[in-house]
Amino acid sequence: CKCLLLASVTMPDRSARKEAPATLPQIIKSLGYNRLILQIGRGMVVPEPFSTESFTLDVYRYKDSLKEDLQKADLVISHAGAGSCLETLEKGKPIVVVINEKLMNNHQLELAKQLHKEGHLFYCTCTRDMDKGHRPRYI
């Protein structure tokens, strides 16, 4: 099983704390996935790729196309940009979106709420849910 995590170039680095690179693969593995692909964009935290018998972590900043990664993914975790959401849903892949509430007019929340209402995805926010140590309420 493969999980693809698409990071937004506007995602605040405080949401990807220093311990995240070490714990994220453990969390993803505990959910039954054996591979995590991270698109980190301009993120300041750059996890070290690794591969073991039971788990692989691949990391890259950008690719010209996400088509191949999306096609192979069993789950996509992404920001709530319209392009990322629609491209993932067109491929018929399950998606969880993490909303960046600091973007103008909070358009990501509006889109995520509507797509969730229609049964297309699950969503959470960085600040309200994760910074306070709460489990995302919408998942």
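Structure shown above.
Numbering of residues begins from 1 in every chain and follows the order in which that chain's sequence is written. Given that this is a predicted model, residues contribute local features only at a pLDDT of at least 70 and side-chain atom pairs are listed and counted only at 80 or more, while totals for whole chains, interfaces and linings are drawn from all residues. The basis for every side-chain value is the complete set of non-hydrogen atoms in the structure, without hydrogens or water.

Peer 1: Explain the overall build of the chain to me, using residue names and the numbers behind them.
Peer 2: Secondary structure follows DSSP: runs of H or I at least 4 residues long count as helices, runs of E at least 2 residues long count as strands, and numbering of each begins at the N terminus. A count of helices and strands for the chain gives five helices and seven strands. Going from N to C terminus, the chain has its helices and strands arranged as β-α-β-β-β-α-β-α-β-α-β-α. Counting across all 139 residues of the chain, residues that qualify as buried make up 41%. The contact definition used throughout considers only heavy atoms, calling two residues in contact when any of these lie within 4.5 Å. In the chain, the share of contacts with a sequence separation of at least 24, taken over all contacts with a separation of at least 6, comes to 48%. Each accessible area is a Shrake-Rupley result for a 1.4 Å probe, and residues are judged covered by the shown protein chains and nothing else. About 8200 Å² of surface is accessible on the chain, with carbon and sulfur atoms providing 55% of the total. In this scheme, a residue with accessible area under 20% of its type's maximum is buried, one over 50% is exposed, and one in between is partly exposed, where area comes from a 1.4 Å probe on protein chains only.

Peer 1: Let's hear about the packing of aromatic side chains: which residues, and what values?
Peer 2: Stacked, tilted and edge-to-face pairs are distinguished by plane angle, under 30 degrees for stacked and over 60 for edge-to-face with tilted covering the rest, among Phe, Tyr and Trp rings (Trp via its six-membered ring) whose centres lie within 6.5 Å. All chains considered together, the criterion is met by one aromatic pair. The lysine or arginine in question, Lys 63, covers the ring of Tyr 60, its NZ or CZ lying 4.4 Å from the ring centre. Sitting over a ring, as applied to charges here, requires NZ of Lys or CZ of Arg to be within 6 Å of the ring centre and within 35 degrees of the ring normal.

Peer 1: Which residues make up the pairing of strand 1 (residues 2-6), and what are the values?
Peer 2: Burial analysis of strand 1 places five of its five residues in the buried class, which makes it a mostly covered element. Pairing between strands requires that DSSP locate at least two bridges from one strand to the other. Sheet analysis places strand 1 next to strand 2 (residues 35-39), joined by five bridges and oriented parallel. Note that in strand 2 the partner of Lys 2 across the bridge is Arg 35.

Peer 1: Tell me about the pattern of salt bridges, residues and numbers included.
Peer 2: Salt bridges, as used here, are contacts in which a Lys or Arg side-chain nitrogen is within 4 Å of a carboxyl oxygen on Asp or Glu. Counted under the stated rule, the structure contains three salt bridges. The shortest N-O distance in the salt bridge between Arg 35 and Asp 58 comes to 2.3 Å. Of this pair, Arg 35 sits in strand 2 while Asp 58 sits in strand 4 (residues 56-60), placing them 23 residues apart in sequence. You can call Arg 35 partly exposed: its relative accessible area is 28%. One salt bridge connects Asp 69 with Lys 63, and the closest N-O pair in it is separated by 2.9 Å. Residue classification places Asp 69 among the buried positions, given a relative accessible area of 7%.

Peer 1: So what about the side chain of Lys 93? Which residues, and what values?
Peer 2: Assignment of secondary structure puts Lys 93 in the loop between helix 3 (82-90) and strand 6 (95-99). In this tally, Lys and Arg are treated as positive and Asp and Glu as negative; His is ignored, and so are the chain termini. Comment: no salt bridge for buried Lys 93; closest opposite-charge side chain is Asp 74, at 5.4 Å. Here Gln 71 takes part through its backbone oxygen, which lies 2.9 Å from a polar atom of the side chain of Lys 93. Sequence-distant contacts of Lys 93, defined by excluding residues within four places in its chain, comprise Leu 70, Gln 71, Ala 73, Val 76 and Thr 88. Distance and chemistry together define a polar contact, namely a pair of N or O atoms within 3.5 Å, with one atom able to donate a hydrogen and the other to accept it when in protein, and with adjacent residues in sequence counting only for side-chain atoms on both sides.

Peer 1: I'd like to hear about the nonpolar core, residue by residue, with values.
Peer 2: With 18 residues, the main nonpolar core has Leu 4, Val 76, Val 97, Ala 112, Leu 121 and Tyr 123 as its most contacted residues. Elements represented by at least two residues in this core include exactly strand 1, strand 6 and helix 4 (107-117). The term nonpolar core refers to a set of buried residues drawn from Ala, Val, Leu, Ile, Met, Phe, Trp, Tyr and Cys, joined through side-chain atoms within 4.5 Å.

Peer 1: If you had to explain helix 3 to someone new, which residues and values would you point to?
Peer 2: Listing the buried residues of helix 3 in full gives Ser 84, Cys 85 and Thr 88. The arc that holds every buried residue of helix 3, seen down its axis, measures 95°, which confines them to one face. Where helix 3 ends, the next residue or the one after it, Gly 92, has phi of about 75°, a positive value. Relevant arc is that of directions from the helix axis to the C-beta atoms, nothing else.

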